[in-house]
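These are the residues of each chain, in order.
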Amino acid sequence: MNYTYQDYLKMYEQIAKRTDFKPLIGAVLGSGLGNVVNKVDIKAIIPYSEIEGMPCSTNKAHKGQFVFGYFKGVPMVLMQGRIHMYEGYTPQEVTLPIRLMKMMGIRSIILTNAAGALDPSYRPGDCMLIDDHISSFVPSPLIGNNIDEFGDRFPCMSPLYGQEQNNYLYNRARERGIPVQRGVYVQFSGPQYETKAEIHLAQIVGANAVGMSTVIEAIVAKQMGLYVMGFSLISNMAAGIAGSMPSDEEVLKQANASEKNVYELFALEVEMEAERLKKNG
Ligand code: HPA
């Protein structure tokens with residue numbers, strides 16, 4: 001699907017008709033991380049399936065709805081469940097909700113996911129602040145007609161993820177005993193997990209963690225001028241590292257086991273970003 005700006009507007013108007021809530025920060029909650037919404041003072045919920053024209057999440061670990069409300073007093077919209085390329089959606093379809101959140105008025109976005117560790121020094125349960133990404137193994141969501149209302153045809157992607165935020169977060173997380181790393185995330189399309197040879201390749205090109213999401217979302221967010229932050233919960237060692245054979249069960253089990261740390265890191269990030277936005281006006 002090659003969306004026009006009118007298509008986006010039509011979908012945005014359906015949302016605006018249902019809630020006048022004005023979020024400041026957006027977030028995408030990754031595999032097994034959806035329970036963050038239990039801590040939100042919820043003002044509205046809109047399932048993706050109720051927005052005509054919007055692709056829906058088919059993954060059982062992803063609920064598929066926009067949740068609007070206050071988290072730590074900050075007005076937010078959270079995607080409880082994301083849409084993936086491996087469900088059969090194009091990069092434009094996968095990133096459509098990111099564009100809709102920008103139209104809702106967000107200034108910053110926090111992208112979270114579960115990922116496999118490529119760095120043998122990482123452990124399942126670590127959180128990796130994303131310092132940079134590699135998009136070269138998936139098609140760009142910006143291929144096709146450029147929609148000038150959203151940004152430049154050839155947007156600059158460096159620096160992409162909030163380095164200052166990551167410096168601050170890294171230190172705060174360490175003080176609190178949250179096992180935290182910083183590194184480069186690479187997106188593969190999935191849904192199959194990688195072969196040992198693919199993991200070797202990803203290590204050689206300089207990635208520290210691998211997953212099936214996030215990068216194309218970060219690209220459209222950056223193109224639209226959003227401040228982008230993100231972290232991965234390391235749910236498993238990638239295939240072949242320390243004999244690992246990743247599975248969906250292992251990913252979800254670790255996501256559940258790490259819920260407390262992930263929640264704390266997320267909360268720190270939201271508070272820090274809200275403070276930064278307040279200072280910068
Ligand atoms: N590979 C790809 N995606 C993932 C992994 C992995 O090992 N773990 C969680 N998401």
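Residues numbered from 1 in each chain as written. Predicted model: local features only at pLDDT ≥ 70, side-chain atom pairs only at ≥ 80, totals over all residues. Heavy atoms only, no water.

**Structural notes on the site of the ligand**
Here comes step 1: In the region of the ligand, the neighbouring residues are A114, A115, G116, Y193, E194, V210, G211, M212, S235, N236 and V251.
Here comes step 2: In this structure, E194 approaches the ligand through a side-chain N or O atom, which is 2.9 Å from a nitrogen atom.
Here comes step 3: For the ligand, a nitrogen atom lies 2.7 Å from a polar atom in the side chain of N236.
Here comes step 4: Considered on its own, the ligand offers 260 Å² of accessible surface; in the complex 95% of this is hidden by protein.
Here comes step 5: Of all the elements, strand β5 (residues 108–117) adds the most residues to the shell around the ligand, at 3 residues.
Here comes step 6: Within the shell around the ligand, the residues separate by chemical class into 6 nonpolar, 4 polar and 1 charged. (Near = heavy atom within 4 Å. Polar contact = N/O pair within 3.5 Å; in protein donor to acceptor, adjacent residues only side chain to side chain. Areas by Shrake-Rupley, 256 points an atom, 1.4 Å probe, with all protein chains shown as cover. Helix = DSSP H or I, 4+ residues; strand = E, 2+ residues; numbered from the N terminus. Nonpolar A, V, L, I, M, F, W, Y, C, P; charged D, E, K, R; others polar.)

**Overview of the nonpolar core**
Here comes step 1: Within the largest apolar cluster, 65 residues are counted, with the highest numbers of intra-cluster contacts made by F66, L100, M101 and I109.
Here comes step 2: In terms of residue count, helix α2 (residues 91–104) provides more of this core than any other element does, 7 residues in total. (Core = buried A, V, L, I, M, F, W, Y, C linked by side-chain atoms within 4.5 Å. Buried < 20%, exposed > 50% of the residue type's maximum accessible area, 1.4 Å probe, protein only.)

**A short note on the packing of α2 against helix α5 (residues 215–223)**
Here comes step 1: Where α2 meets α5, the closest approach of the two axes is 9 Å, and the angle between their N-to-C directions is 50°. One finds that α2 runs oblique with respect to α5. Here α2 and α5 pass one another in a crossing that is right-handed. In this structure, α2 uses P91, V94, T95, I98 and R99 to contact α5, whose residues at the interface are I216, E217, V220, A221 and Q223.
Here comes step 2: In the contact of α2 with α5, the residues fall into 6 nonpolar, 2 polar and 2 charged. (Axes fitted to C-alpha atoms, helices over the stretch in contact; angles between N-to-C directions. Parallel < 35°, antiparallel > 145°, perpendicular 65-115°, else oblique. Left-handed = near helix turned anticlockwise from the far one by under 90°. Contact = heavy atoms within 4.5 Å.)

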